[in-house]
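Here's the letter readout for the chains.
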Amino acid sequence: MGSAARLYLAIARGSFRRYSTYRAATLAGVFTNTVFGFILAYTFLALWRARPGLGGYDTSQAVTYIWISQSLLVTVAVWGGGFQDDVQERFRTGDIAVDLYRPVDFLGWWLAADLGRAAFQLLARSVAPITAGVLAFHARLPHSALTWPVFLLSVLLAVLVSFGLRYLVSLSGFWLHDSDGVRAVMLVVAMFLSGMLLPLGLFPDGLRQAAQVLPWAALVQVPADIFLERSTGSQVLGGLGFQLAWAVVLLALGRAAQLLATRKVVVQGG
Amino acid sequence: MAEYLGERESGVERLRWAVRSWQLTAAMWTRAAMAYRASFALMLVANVLITSLDFVVVVLMFQHTDRLGGWTLPELGLLYGTSAFALGTADLLVGSVDSLGERIRAGTLDVMLIRPAPALSQVCAERFSLRRLGRPAQATAVLAWSVSAVRVDWTWDRVLLLAALLVSGTVIFSALFIGGATLQFWWGEAKELQNSFTYGGATLLHYPPTVFAKELVAGVTFGLPLAFVNWLPLLHILGKPDPLGLPAAFQFASPLAAAGSVLVAGVAWRAGLRAYRGAGN
Amino acid sequence: MALIELEDVARTFTIRAKVGRLRRERREVRAVDGLSFTVQAGECVGYIGPNGAGKSTTIKMLTGILVPSAGRLRVAGVDPARERTRLARRIGVVFGQRTTLWWDLPLRDSYELARRIYRIPDARYRANLDRCVELLELGPLLDTPVRQLSLGQRMRGDLAAALLHDPQVLYLDEPTIGLDVVSKVRVREFLREINTGAGTTVLLTTHDLTDIEQLCGRVMVIDHGRMVYDGGLDGLHATGQSERTLVVDLAGPSAPIEVPGARVVKVDGARQWLAFPAEDSAAPIVAAVAAGYPLLDLSVREPAIEDVIARMYAKVPIG
């Protein structure tokens, strides 16, 4: 048991290090997140100037929402990507069939790698946008010190949910000739339903209630609300529970899909 | 036969040859994509949807207010439609240039450079795909709706200005794509950086200039010429005051700004090619 | 008539190397350092040197891909960096490790594109394509997507693509790398036909000395960006005193083999390595070993370019 944990830790650390070598790409990404943060923060300012207190956010919370979502965009991989690109490459080369038979669990391997990636990107890609938000827009940092660890836990759960979703999309490659299309549709859904573009509370009735129970809300909306201290006490627990539940369900589905895929590979002989 | 022997060609002939090379390369990619026809429809639909999201957000905002920065929804529709049309068309025509760094690493640029066709034409047409029609198509739909919904007397000068801004805007975004990609000659992983200018710029132009700080508006007027894509000409079409109080001539200067951007992007590209260090090694 | 002329050509690269944890240092590396040579029309020249010697950089300057930092350079009457597209119509290039063909499309489509991009007159195109198809036996492959071709088939396809527009010069960068023996032979035969039959000037970089032995009357050796040898192949062997190696597997470990004309350079259990001059025949040595020792298996290894060059340094101090 101990050696397995060490192995996954090594995978995660290797992945962290690998992403940390793309220095220019990281800098360029941080710059882009910050530019988008500036543009979108101004549009939110205009909207909240017209409708103060909209959706239960005061103006400072609304602006901060933008900076939080820009900071999380890459970490929770709303766009997709991360391990997905590697898996896709292995589909192309045909190595994927071999991967299923490795002594290391397929899901565990990629999950560890994705957590390593997310850890790097949380460090590298959220500090600068948040700082820019605080300096230029007086973005609101948590008032209670306790919020920080709870927020980090929520981000971790968000990464797990995001991984579960992306893992299913990647495995669809076993049944579909080309999972690019699925990935593209997932991107649309994720951008919209995660609250990345607009807090879910501003959605029209019906759509709002639906979006709030779907797994994508766990990616941006829930951690952002915790950071903004909009949810307190039992609401925080509710948010974390919501994320945890989806993480468990999606990882279980991913495990089941993996079993089916393995059986399919056996039948086809690789 | 004279062409075959490679005689010196005039500027017009060289431009025509550059366009022709682009067409030939794009046609090859279109044919190559036929091998994966099944996913084409799905990707086109996904493309229309993903590029529509920005406007859906605007519409959702207007569920809660009837003015943003003093502009109405049809007016924002004009901003969105023109900006997305210009960006989308530029992306369709030259957007692939943003993968220059990958082309360099894979050695494909070397292969392009040994062909008797401009490398820029070939890089821009690389992986050409009609699925990128998604953005200009939905932008045109939004534009058509806004033109009919907005309260504007469509006199001939306004129509002409609108047509001119669509062309100039496309040229300006194309120059931004190319100029931004040129950075990758020196900074190979900088692909995401230029998203700030192109996609970021287009997002900026979806909203009225009154929403933003004056410094930012000035920056995209006198620095990156984004304001010439749609803000300045639309101020004239909609009869709105310029938040910077610039002379009215600026509202008609988009074609000039476009010409200037092309010039700068062209010089940058040439400098990049001269500094090119080759693949691998 | 001189087709390729280089005068004091240099190309430097700036490299940013990591020094310590955060600091980076800029360093100038001269990949090609004052190179001068001339190639006449119709020659076939082997251009060799160890990895990183500057071979590829030279070829890339000769094709206009890279701009030289200094010196004068003319190919087929054109300054490559200044008039790259004009030059492109007069040269053919084959990169052994990189294809110019269209991956997802049938071979034929790549040639069709070449016809248009190079603006090859129809009659000329048909004649050249027919000739290449015949010599390279491409007929059955024309409608196959390139990604389904074997490495050898693809190389033949690439060779044809580089020759459809009747280039005056053909550059080949490792044309036989990774090919099986049959493909290598076929590629060499074709190149000989192109060079001696059609009179195309050929400049060839390779790691395989056999390519050069069979094709080139002249060899240029480059190292650290400088020319260290320019002349016939015999001269190279003489200067470098290159040796071939006979690898012998005996029935069991034994004392070092003693046969005339060869000496043991290495013993590892039942396997022994014997070196002998490259110009000597292996047959008498093999016969002598077989007569005196329990021989199971053997193979002959050609001298590696690196070894030849390394020995050149040992023999001739370069001033």
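Residues numbered from 1 in each chain as written. Chains lettered and ligands numbered in written order. Predicted model: local features only at pLDDT ≥ 70, side-chain atom pairs only at ≥ 80, totals over all residues. Heavy atoms only, no water.

**Focus: the overall build of chain C**
Moving on, step 1. A tally of regular secondary structure across chain C gives ten helices and 13 strands.
Moving on, step 2. Principal axes of the C-alpha set define a box for chain C whose edges measure 65 × 55 × 50 Å.
Moving on, step 3. Sequence separation of 24 or more characterises 69% of the internal contacts of chain C that already satisfy a separation of 6 or more.
Moving on, step 4. Here chain C has roughly 14,200 Å² of accessible surface; of this, 49% comes from carbon and sulfur atoms. (Helix = DSSP H or I, 4+ residues; strand = E, 2+ residues; numbered from the N terminus. Contact = heavy atoms within 4.5 Å. Areas by Shrake-Rupley, 256 points an atom, 1.4 Å probe, with all protein chains shown as cover.)

**Some words on the interface of chain B and chain C**
Moving on, step 1. Listed by partner, the interface residues are 37 residues for chain B and 39 residues for chain C.
Moving on, step 2. For the interface between chain B and chain C, the tally reads three salt bridges.
Moving on, step 3. The residue Arg98(C) makes a salt bridge to Asp110(B) at a minimum N-O spacing of 3.5 Å.
Moving on, step 4. Put simply, chain B and chain C have eight residue pairs in polar contact (both at pLDDT 80 or more) between them.
Moving on, step 5. Elements with a contribution of two residues or more to the side of chain B that touches chain C: helix H1 (11-33), helix H5 (108-113) and helix H13 (254-275) of chain B.
Moving on, step 6. The element contributing the most residues to the side of chain B that touches chain C is H1(B), with eight residues.
Moving on, step 7. Residues that form the side of chain B that touches chain C fall into these classes: 23 nonpolar, five polar and nine charged. (Salt bridge = Lys/Arg side-chain N within 4 Å of Asp/Glu carboxyl O. Polar contact = N/O pair within 3.5 Å; in protein donor to acceptor, adjacent residues only side chain to side chain. Nonpolar A, V, L, I, M, F, W, Y, C, P; charged D, E, K, R; others polar.)

**With respect to the environment of Leu260(A)**
All names here are of chain A.
Moving on, step 1. Residue placement: Leu260 occurs in helix H11 (residues 234-268).
Moving on, step 2. Take Leu260: its relative accessible area is 48%, and that puts it in the partly exposed class.
Moving on, step 3. Taking C-alpha positions, Leu260 is 34 Å from Leu152, a pair spaced 108 residues apart along the chain. (Buried < 20%, exposed > 50% of the residue type's maximum accessible area, 1.4 Å probe, protein only.)

**Concerning the interface of chain B and chain A**
Moving on, step 1. Taken together, the contact between chain B and chain A spans 33 residues of the former and 38 residues of the latter.
Moving on, step 2. Together chain B and chain A conceal approximately 3,100 Å² of surface at their shared face, both sides included; 78% is due to carbon and sulfur atoms.
Moving on, step 3. The interface formed by chain B and chain A holds one salt bridge in total.
Moving on, step 4. Between Arg125(A) and Glu192(B) there is a salt bridge, with its nearest N and O atoms 3.2 Å apart.
Moving on, step 5. Considering every element that reaches the side of chain B that touches chain A, the biggest residue donor is helix H2 (residues 37-61) of chain B, with eleven residues.
Moving on, step 6. Of the residues contributing to the side of chain B that touches chain A, the split by class is 23 nonpolar, seven polar and three charged. (Buried area = accessible area lost by both parts, 1.4 Å probe.)

**A few points about the pairing of strand S10 (residues 243-250) of chain C**
Residues and elements named next belong to chain C.
Moving on, step 1. The buried fraction of S10 amounts to eight of the eight residues, a majority that puts the element mostly inside the structure.
Moving on, step 2. The alternating pattern of S10 places Glu243, Thr245, Val247 and Asp249 and Arg244, Leu246, Val248 and Leu250 on opposite faces, both of which are buried.
Moving on, step 3. Bridge count for S10 against strand S12 (residues 271-277) is seven bridges, and the pairing is antiparallel. Opposite Asp249, over in S12, you have Arg271 as the bridge partner.
Moving on, step 4. As defined by bridge partners, S10 adjoins strand S13 (residues 295-301) across six bridges and the pair is classed as antiparallel. When the sheet's bridge partners are listed, Thr245 is paired in S13 with Arg301. (Pairing = 2+ DSSP bridges.)

**With respect to the confidence of the model for chain C**
Moving on, step 1. Of all residues in chain C, 92% attain a pLDDT of 70 or more, and the chain-wide mean is 87.
Moving on, step 2. Helix H10 (residues 305-315) of chain C is the least confidently modelled element of chain C, averaging 64 in pLDDT, while helix H3 (residues 107-117) of chain C averages 95, the highest of any element. (pLDDT = per-residue confidence, 0-100.)

**What about a nonpolar patch on the surface?**
Moving on, step 1. Taken together, Leu27(A), Trp186(B) and Trp187(B) make up a surface patch of nonpolar side chains, about 350 Å² in accessible area.
Moving on, step 2. Residue position: Trp187(B) is located in the loop between helix H8 (156-182) and helix H9 (191-197). (Patch = residues over 30% accessible without salt bridge, like charges linked within 9 Å, V, L, I, M, F, W, Y side chains within 5 Å.)

**Brief notes about the side chain of Arg103(B)**
Moving on, step 1. Secondary-structure assignment places Arg103(B) in helix H4 (residues 100-106).
Moving on, step 2. Look at Arg103(B) and you get buried, because its relative accessible area is 8%.

**Notes on the domain arrangement of chain C**
Moving on, step 1. When its domains are assigned, chain C resolves into domain 1 (2-238) and domain 2 (243-302).
Moving on, step 2. Computed over C-alpha atoms only, the centres of domain 1 of chain C and domain 2 of chain C are separated by 37 Å. (Domains from an automatic or database assignment.)

**Digging into the sheet that holds strand S5 (residues 91-95) of chain C**
All names here are of chain C.
Moving on, step 1. Strand order in the open sheet made by the six strands is S5-S6-S7-S3-S8-S9, with mixed pairing throughout. Single-partner strands in this sheet number two, and they are S5 and strand S9 (226-231). On average, each strand axis in the sheet is tilted by 15° relative to the strand beside it, whichever way the strands run. (Axes fitted to C-alpha atoms, helices over the stretch in contact; angles between N-to-C directions.)

**Considerations on the environment of Arg92(A)**
Residues and elements named next belong to chain A.
Moving on, step 1. If you trace the backbone, Arg92 turns up in helix H4 (residues 83-93).
Moving on, step 2. On the accessibility criterion, Arg92 (62% relative accessible area) is exposed.
Moving on, step 3. Expressed as a C-alpha distance, the spacing of Arg92 and Leu27, which sit 65 residues apart in the sequence, is 30 Å.

**Observations regarding a positive patch on the surface**
Moving on, step 1. A cluster of basic residues, Arg23(A), Arg277(B), Arg16(C), Arg24(C) and Arg26(C), forms a positive patch at the surface.
Moving on, step 2. Among the structural elements, Arg26(C) can be located in strand S2 (residues 23-40). (Lys, Arg positive; Asp, Glu negative; His and termini not counted. Charge placed at Lys NZ, Arg CZ, Asp CG, Glu CD.)

**Observations regarding the sheet that holds S13(C)**
Note on sheets: strands pair through backbone hydrogen bonds, and any given pair is parallel or antiparallel.
All names here are of chain C.
Moving on, step 1. Pairing in this open sheet of four strands is antiparallel, and the strands run S11-S12-S10-S13 from one edge to the other. Looking at the sheet topology across the chains shown, the edges are occupied by strand S11 (263-268) and S13. Recorded for the sheet is a direction-independent mean angle of 20° between the axes of neighbouring strands.

**What to know about the side chain of Thr100(C)**
Moving on, step 1. Secondary-structure assignment places Thr100(C) in the loop between S5 and H3.
Moving on, step 2. Here Asp158(C) takes part through its side chain, which lies 2.9 Å from a polar atom of the side chain of Thr100(C).
Moving on, step 3. Those residues in contact with Thr100(C) that lie beyond four places of it in its chain are Val111(B), Ile114(B), Arg115(B), Asp158(C) and Ala161(C).

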